[in-house]
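# Chain and residue survey
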Amino acid sequence: MPKGVSLDEDTVKAGYEDVRNDESETKFLMLTYQEDNTKISVHKSGSDYSEVLTELGGEEGESLRAYVYLRVVTGDEMSKRHKFVLLTWCGPSVPALKKAKMSLEKTQVKNLMSNYAVEIQTSELEDMALDNLLRRVHDE
C-alpha cells in the first residue's frame, strides 16, 4: 500500500469472509479511511444495504471514500445464487489527489476481497441503487 496508508487486514478479511458465508445474515461490509486517512478499516457491516446508501447520500458522503463488498441474490425461484459486488465510492467533494491515490490503494483492498462478479467505481448514488446493481450482476 502507498506510504502513509495501511489496511487493517485481519478485520477486513474477517468481515469479507462473513459476507461470503451463506449462513451469515451479513450482506455488506463497508470500509472507510480512518485515523486521519492513514488506515483503511471496517466502518460497518450488516444485513440492510440501505444503511450504506443513507450514509453515502448524506452530507458526510460527499467527502467520503469507501469500499463496499455486497452479497446479492440472483436467479429465479428454481435456482437462486449468491453473487458479490465490489463498490468503490469516491464522494463528489473528495480532492483530486485523494481520488488519484484511491486507484493504488484499491489494489490492496481487491487483494483481500478478490471474489466478485461486478466491480463498480462511482461518485453517483444512483449507480449504487440495489436495482441497478442487480441489473449489472444479471448482465454479467
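Each remark here, short or long, concerns the structure printed above.
The structure presented is a predicted model; accordingly, all values stated were derived computationally and were not measured. (Residues numbered from 1 in each chain as written. Predicted model: local features only at pLDDT ≥ 70, side-chain atom pairs only at ≥ 80, totals over all residues. Heavy atoms only, no water.)

The secondary structure content of the protein chain amounts to 4 helices and 6 strands. Along its sequence from the N terminus, the protein chain presents helices and strands in the succession β-α-β-β-α-β-β-α-β-α. Here the C-alpha radius of gyration of the protein chain, 15 Å, is about what a compact globule of 140 residues would show, namely 14 Å. Counting only C-alpha atoms and orienting by the principal axes, one finds that the protein chain spans roughly 50 × 30 × 25 Å. For the protein chain, restricting intrachain contacts to residue pairs at least 6 apart in sequence, the fraction spanning at least 24 positions comes to 61%. Side chains of the protein chain give 18 positive and 26 negative charges; the mean places of these two sets differ by 5 Å. (Helix = DSSP H or I, 4+ residues; strand = E, 2+ residues; numbered from the N terminus. Rg over C-alpha atoms; globule rule 2.2 N^0.38 Å. Contact = heavy atoms within 4.5 Å. Lys, Arg positive; Asp, Glu negative; His and termini not counted. Charge placed at Lys NZ, Arg CZ, Asp CG, Glu CD.)

Before going further, it helps to examine unusual backbone geometry. Located in the positive-phi region is Asn-37, a residue other than glycine, with phi close to 65°. Relative to the helices and strands, Asn-37 resides in the loop between strand E2 (28-34) and strand E3 (39-46). What makes Asn-37 partly exposed here is its relative accessible area of 30%. (Buried < 20%, exposed > 50% of the residue type's maximum accessible area, 1.4 Å probe, protein only.)

Checked against the element boundaries, Thr-74 lands in strand E4 (residues 65-76). With relative accessibility at 12%, the residue Thr-74 sits in the buried group. With residues up to four places along the chain from it excluded, the contact list for Thr-74 reads Ser-79, Lys-80, Arg-81, Lys-83 and Val-137.

Attention shifts here to the pairing of E4. Here E4 lies mainly inside the structure; 9 of its 12 residues are buried. Relative to E4, E2 is paired through 5 bridges, and the arrangement is antiparallel. Within E4, the position partnered with Leu-29 by the bridge is Tyr-69. As judged from the 12 bridges shared by E4 and strand E5 (residues 79-90), these two strands associate in the antiparallel manner. Residue pairing for E5: Arg-65 is matched across the bridge by Cys-90. (Pairing = 2+ DSSP bridges.)

Note on soluble globular proteins: their nonpolar side chains tend to be buried together. In terms of nonpolar packing, the biggest core is built from 19 residues, with Leu-29, Leu-31, Ile-40, Tyr-67, Tyr-69, Val-109 and Met-113 touching the most fellow members. Looking at this core, the elements that each hand over two or more residues are helix H1 (9-20), E2, E4, E5 and helix H3 (96-112). Apart from the residues lying within four places of it in its own chain, the contact partners of Leu-31 are Val-12, Ile-40, Ser-41, Val-42, His-43, Arg-65, Ala-66, Tyr-67, Val-109 and Met-113. (Core = buried A, V, L, I, M, F, W, Y, C linked by side-chain atoms within 4.5 Å.)

A separate point is H3. Look at H3: 26 Å from first C-alpha to last across 17 residues, which is about the 24 Å you get at 1.5 Å a residue. Residue Ser-103 marks the point of greatest curvature in H3, where the axis turns by about 35°. Along H3, the positions that sit buried rather than exposed are Met-102, Glu-105, Lys-106, Val-109 and Leu-112. (Expected span 1.5 Å × (residues − 1). Bend = angle between axes of the 7 residues up to and from the residue.)

So, to be careful, I would describe these as geometric facts and stop short of saying anything about function.
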